[in-house]
Amino acid sequence: MCGIIGCVGRGDETLDTLVHGLSKLEYRGYDSAGVALANGSVEVVKRAGELENLRRALNGERDGVSGRVGIGHTRWSTHGPPTDENAHPHRDCTGRVAVVHNGIIENYQELRDELTDAGHEFESETDTEVVPHLIETELAGGADPETAFRSAIERLEGSYAIACVLADDDRVFAAREDSPLVLGIGDDAVYLASDVPAFREFTDKVVYLEDGEFAVLDGEGWSVTDSTGAPVEKAIDTVTWDPEETGKSGYDHYMLKEIHEQPRALRQCVSGRVSELSGEVDLDVDVDPTGVQFVACGTSYHAAVYGAQLFQEAGIPAQAFLGSEYATSPPPIGDDLVVGVTQSGETADTLSALREARRRGAKTLAVTNVVGSTVSRECDDTLYIRAGPEIGVAATKTFSSQVVALTLLVESLRESRRETIAALRDLPASVQTVLDTSKAEEVAEEYVDSDAYFFIGRGMHYPVALEGALKFKEISYEHAEGFAAGELKHGPLALVTENTPVFALVTGEGEQARKTIGNVKEVEARDAPVVAVTDRKSDVARYADHVLEIPESDPRTAAVLANVQLQLVAYYAAAQLGRPIDKPRNLAKSVTVE
Ligand code: M6R
């Protein structure tokens, strides 16, 4: 989704700092980009498409684009298609004010009509453009820049992170409501961004803004005020991850790098949380639920479905809900704990489900990767998954870390089971074995021309079948679907042909494995190629055309290993098809609109 960068105090390097920040925000997904620099006038350069188009335009115009105060933006279209005109920053009629915005201004049409009637001329179809015109109106009425900015923001309904510069002012003004904004405090410069990677190379000191807060950045530093204008004391946090972690480290894509980072991510997730001697789990979260409702979207929803099974199996009633559906027919809450699973901590659908749950009196727990994210600030407690920054739009290491964090959560609520703790400790090494020995690339190559791809599994392999299909379709653009293995014969079997490979997830030799092997035989009888993702205990290999082997593991962790194989299959299929793996079309890393 959209990204914001702003800075004051970088002198002649302001423009380069903004463009660097935008490049670090590319992973969020965008379809146009732009910058505005203030230096007596406001220069705006913006282009539809890749950041490279903006860079080319800036190279052409570099002499005309200078300034020591600036803002930049990557836009993911909501109101109006991705064109140069609709790209941010947007200006007022006089060209004195420039604004960038993330989120959606719900009352923009009403404001636009009012401003148009008053003689303002609009250049774009965006909701954002009302903001510079509102500021212009306030300035024309005699307000000073800061008051004009605040008064304009007070007129807005909806969600926003907004930053603004003025031609004759050396400050950046910012405000947030339901959309993240964070300040970066450097030695001689101050930064503003929707996400820390945008300025992480320049500073590790951060200040997270809360809803309703305003910030002013100037040559002397920064200040934050609340909606009444009263100063707010803000804590300065230090981010612990290294800027190197946001590079590709020699991998062709962030996704492949992040798949390979899983052993480390899983060690980090468990580290210091399990007693060496007793195996007891201490997560430093204050929960003791009698029932659990999970809310989440996409890959995080699949981790939540997995988590719900872990809880059920431990005797704690649990159910997973899609964030976008939760408020439509909310289940009775009773004493249930509502757990929001979201790697970014900014997913609007998940946040709104959690807000609905809180409104109805529920206690809430965030399971997230991002320290200081909205979800962690809004929930009663937070369990961090500690996966490190994930840049590829396709979630990989965060899924595994979410599942491990939820497994730890279950174990922390009871006397921990020795075999599960042992499995969690072995998991990083087992993932490494999968990474070192996987034949996923060959399998992807063999089946890359198929009509469709199906993924089946039971129990904890079911959410992984869904996740395998999601990963495959989102980065390869090929049709892929995941099913509970037993559901195949209730409809989807009609789609199965000799040109639709079926990836069957089967581990162990229990009842579930036996039944899934029965389903494998059903597809085999229809001539579909079968790829078994399996350990050595199962004899599904006898019925498979290919085997993607995983080490034997506890039933609670085996599906995480199977998922790593499916991540690799999706990656290599997309690579062979030449897809833009880290930034699939139409998708965004952080989905901040409902
Ligand atoms: O940040 P979140 O975990 O809340 O994101 C939810 C989904 O948008 C996300 O998991 C999405 O499905 C993945 N990028 C798919 O790989």
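Residues numbered from 1 in each chain as written. Predicted model: local features only at pLDDT ≥ 70, side-chain atom pairs only at ≥ 80, totals over all residues. Heavy atoms only, no water.

S.K.: I'm lost on the overall build of the protein chain in this one. Help?
M.R.: From N to C terminus, the protein chain includes 17 helices and 24 strands. Here the C-alpha atoms of the protein chain give a radius of gyration of 25 Å, agreeing with the 25 Å that 2.2 N^0.38 yields for 594 residues. Each principal axis of the C-alpha atoms in the protein chain carries an extent, and together these give about 80 × 50 × 45 Å. Taking all 594 residues of the protein chain together, the buried fraction comes to 61%. (Helix = DSSP H or I, 4+ residues; strand = E, 2+ residues; numbered from the N terminus. Rg over C-alpha atoms; globule rule 2.2 N^0.38 Å. Buried < 20%, exposed > 50% of the residue type's maximum accessible area, 1.4 Å probe, protein only.)

S.K.: It is not clear to me how the site of the ligand should be interpreted in this structure. Could you clarify?
M.R.: Around the ligand there are 15 residues in total, and Ser300, Thr342, Ser344, Thr347 and Glu474 lie nearest to it. Contacts to the ligand include threonine 347, whose side-chain N or O atom sits 2.4 Å from an oxygen atom. Summarising the interface, the protein chains cover 92% of the accessible area of the ligand, which totals 410 Å² for the free molecule. For the shell around the ligand, the elements supplying multiple residues, two or more each, are helix H8 (298-313) and helix H15 (461-476). Of the residues contributing to the shell around the ligand, the split by class is six nonpolar, seven polar and two charged. (Near = heavy atom within 4 Å. Polar contact = N/O pair within 3.5 Å; in protein donor to acceptor, adjacent residues only side chain to side chain. Areas by Shrake-Rupley, 256 points an atom, 1.4 Å probe, with all protein chains shown as cover. Nonpolar A, V, L, I, M, F, W, Y, C, P; charged D, E, K, R; others polar.)

S.K.: Sorry if this is basic, but what is going on with the environment of leucine 25 here?
M.R.: Structurally, the position occupied by leucine 25 is in helix H1 (residues 14-25). Distance in space between the C-alpha atoms of leucine 25 and methionine 1 is 9.2 Å, their sequence separation being 24 residues. What leucine 25 contacts, discounting residues up to four positions off in sequence, is Gly3, Ile4, Ile5, Thr74, Ser194, Asp195 and Ala198. (Contact = heavy atoms within 4.5 Å.)

S.K.: It is not clear to me how unusual backbone geometry should be interpreted in this structure. Could you clarify?
M.R.: Trans is the prevailing form of peptide bonds, just as negative phi is the prevailing case for residues other than glycine. In this structure, proline 89 follows histidine 88 across a cis peptide bond, with omega equal to 0°. As for its position among the elements, proline 89 is in the loop between strand E4 (69-75) and strand E5 (90-91). Positive phi values are uncommon outside glycine, yet aspartate 178 reaches one of about 60°. The residue aspartate 178 is located in the loop between strand E8 (172-177) and strand E9 (182-185) in this model.

S.K.: So what exactly am I meant to see when it comes to the environment of alanine 525 here?
M.R.: Note that alanine 525 resides in helix H16 (residues 511-525). Separated by 376 residues in sequence, alanine 525 and phenylalanine 149 place their C-alpha atoms 68 Å apart.

S.K.: I would appreciate a short explanation of a negative patch on the surface in the present structure.
M.R.: Taken together, the side chains of Glu441, Glu442, Glu445, Glu446, Asp451, Glu498, Glu524, Asp527 and Asp545 define an acidic patch exposed on the protein surface. The greatest single-element share of the negative patch, amounting to four residues, is contributed by helix H14 (residues 440-447). Relative to the helices and strands, glutamate 524 is located in helix H16. The exposure class of glutamate 524 is partly exposed, given its relative accessible area of 35%. (Patch = residues over 30% accessible without salt bridge, like charges linked within 9 Å, V, L, I, M, F, W, Y side chains within 5 Å. Salt bridge = Lys/Arg side-chain N within 4 Å of Asp/Glu carboxyl O. Lys, Arg positive; Asp, Glu negative; His and termini not counted. Charge placed at Lys NZ, Arg CZ, Asp CG, Glu CD.)

S.K.: I tried to follow the side chain of histidine 90 on my own but got confused; where do I start?
M.R.: Tracing the backbone shows histidine 90 in strand E5. Looking at histidine 90, its side chain comes within polar contact range of the main-chain oxygen of alanine 87, at 3.3 Å. A polar contact of 3.4 Å, which involves the side chain of histidine 90, links it to the side chain of threonine 126.

S.K.: Sorry, what's going on with the packing of aromatic side chains here?
M.R.: Aromatic rings considered in pairs are described by the distance between their centres and by the relative angle of their planes. Using the criterion set out here, one finds 11 aromatic pairs in the structure. When the centroid spacing of 6.0 Å and the interplanar angle of 55° are considered together, the rings of phenylalanine 455 and phenylalanine 472 count as tilted. With a gap of 17 residues between them, phenylalanine 455 in strand E20 (residues 453-457) and phenylalanine 472 in helix H15 connect regions that are remote in the sequence. For phenylalanine 472, a relative accessible area of 2% corresponds to the buried category. Plain terms: the ring middles of phenylalanine 455 and phenylalanine 503 are 4.9 Å apart, the flat faces sit at 10° to each other, and that makes the pair stacked. Taken as a pair, phenylalanine 455 in strand E20 and phenylalanine 503 in strand E22 (residues 502-506) lie far apart in primary sequence, 48 residues in all. Classification of phenylalanine 455 as buried rests on a relative accessible area of 1%. The positively charged end of arginine 585 is found above the aromatic ring belonging to tyrosine 477, 3.8 Å away from the centroid. (Phe/Tyr/Trp six-rings, centres within 6.5 Å; stacked < 30°, edge-to-face > 60°. Lys NZ or Arg CZ within 6 Å of the ring centre and 35° of its normal.)

S.K.: Looking at this structure, how should I read the nonpolar core?
M.R.: What tends to happen in soluble globular proteins is that the nonpolar side chains get buried as a cluster. In this structure, Phe294, Tyr306, Val367, Leu408, Leu409 and Phe455 are the most contacted members of the largest nonpolar core, which totals 82 residues. For this core, the element with the most residues is helix H17 (residues 555-576), which contributes 13 residues. Residues contacting leucine 409, with those up to four places away along its chain left out, are Leu283, Val285, Val287, Phe311, Leu365 and Leu383. Formed by 27 residues, the second largest nonpolar core is a distinct cluster that contains Ile5, Val19, Leu54 and Tyr191. (Core = buried A, V, L, I, M, F, W, Y, C linked by side-chain atoms within 4.5 Å.)

S.K.: Sorry if this is basic, but what is going on with the state of the cysteines here?
M.R.: Here, the word disulfide means a covalent bond between the sulfur atoms of two cysteines. Scanning all chains against the criterion turns up zero disulfides. Free of any disulfide, cysteine 7 has its nearest neighbouring cysteine sulfur in cysteine 164, separated by 15 Å. (Disulfide = S-S within 2.5 Å.)

S.K.: Looking at this model, I keep getting lost on the sheet that holds strand E11 (residues 205-208). Mind explaining?
M.R.: Pairing is antiparallel in the open sheet, where eight strands are placed in the order E3-E2-E4-E1-E10-E9-E11-E14. Bordering the open sheet on either side are strand E3 (42-48) and strand E14 (237-238), each of which pairs with just one other strand. Across the sheet, H1 touches strand E1 (3-8), strand E2 (32-38), E4 and strand E10 (190-193), and the angle it forms with E1 is around 155°. (Pairing = 2+ DSSP bridges. Axes fitted to C-alpha atoms, helices over the stretch in contact; angles between N-to-C directions.)

S.K.: Looking at this structure, I do not really get the pairing of E22. What am I missing?
M.R.: If a strand is regular, its side chains alternate between the two faces of the sheet. With five of five residues buried, E22 lies mostly within the body of the structure. Here E22 shows no split at all, with Val502, Ala504 and Val506 on one side and Phe503 and Leu505 on the other all buried. By the bridge criterion, three bridges tie E20 to E22 in an arrangement that is parallel. Bridge pairing in E22 links phenylalanine 454 to valine 502. Bridge count for E22 against strand E23 (residues 530-534) is five bridges, and the pairing is parallel.

S.K.: How do you make sense of the sheet that holds E20 when you look at a structure like this?
M.R.: What links the strands of a sheet is backbone hydrogen bonding, and the strands pair in either a parallel or an antiparallel sense. The five strands lie next to each other as E21-E20-E22-E23-E24, forming an open sheet whose pairing is parallel. The open sheet has two free edges, formed respectively by strand E21 (480-484) and strand E24 (546-549), since each of these has just one partner strand. Across the sheet, the mean angle from the axis of one strand to that of its neighbour is 20°, orientation sign disregarded. Helix-sheet contacts for H14 involve E20, E22, E23 and E24, and the interaxial angle to E24 is about 150°. Running over the sheet, H15 touches E20, E21 and E22 and is turned about 175° from E21.

S.K.: Could you clarify how one ought to interpret the environment of threonine 368 in this entry?
M.R.: Counting through the fold element by element, threonine 368 comes out in strand E18 (residues 363-368). By relative accessible area, which is 0% here, threonine 368 ends up buried. C-alpha of threonine 368 to C-alpha of aspartate 527: the two residues are 159 residues apart in sequence and 43 Å apart in space. Not counting chain neighbours up to four residues away, the residues in contact with threonine 368 comprise Thr342, Gln343, Ser344, Gly345, Ser373, Val375, Ser376, Thr382, Leu383, Tyr384 and Ile385. One polar contact links the side chain of threonine 368 to the main-chain carbonyl oxygen of threonine 342, over a distance of 2.7 Å.

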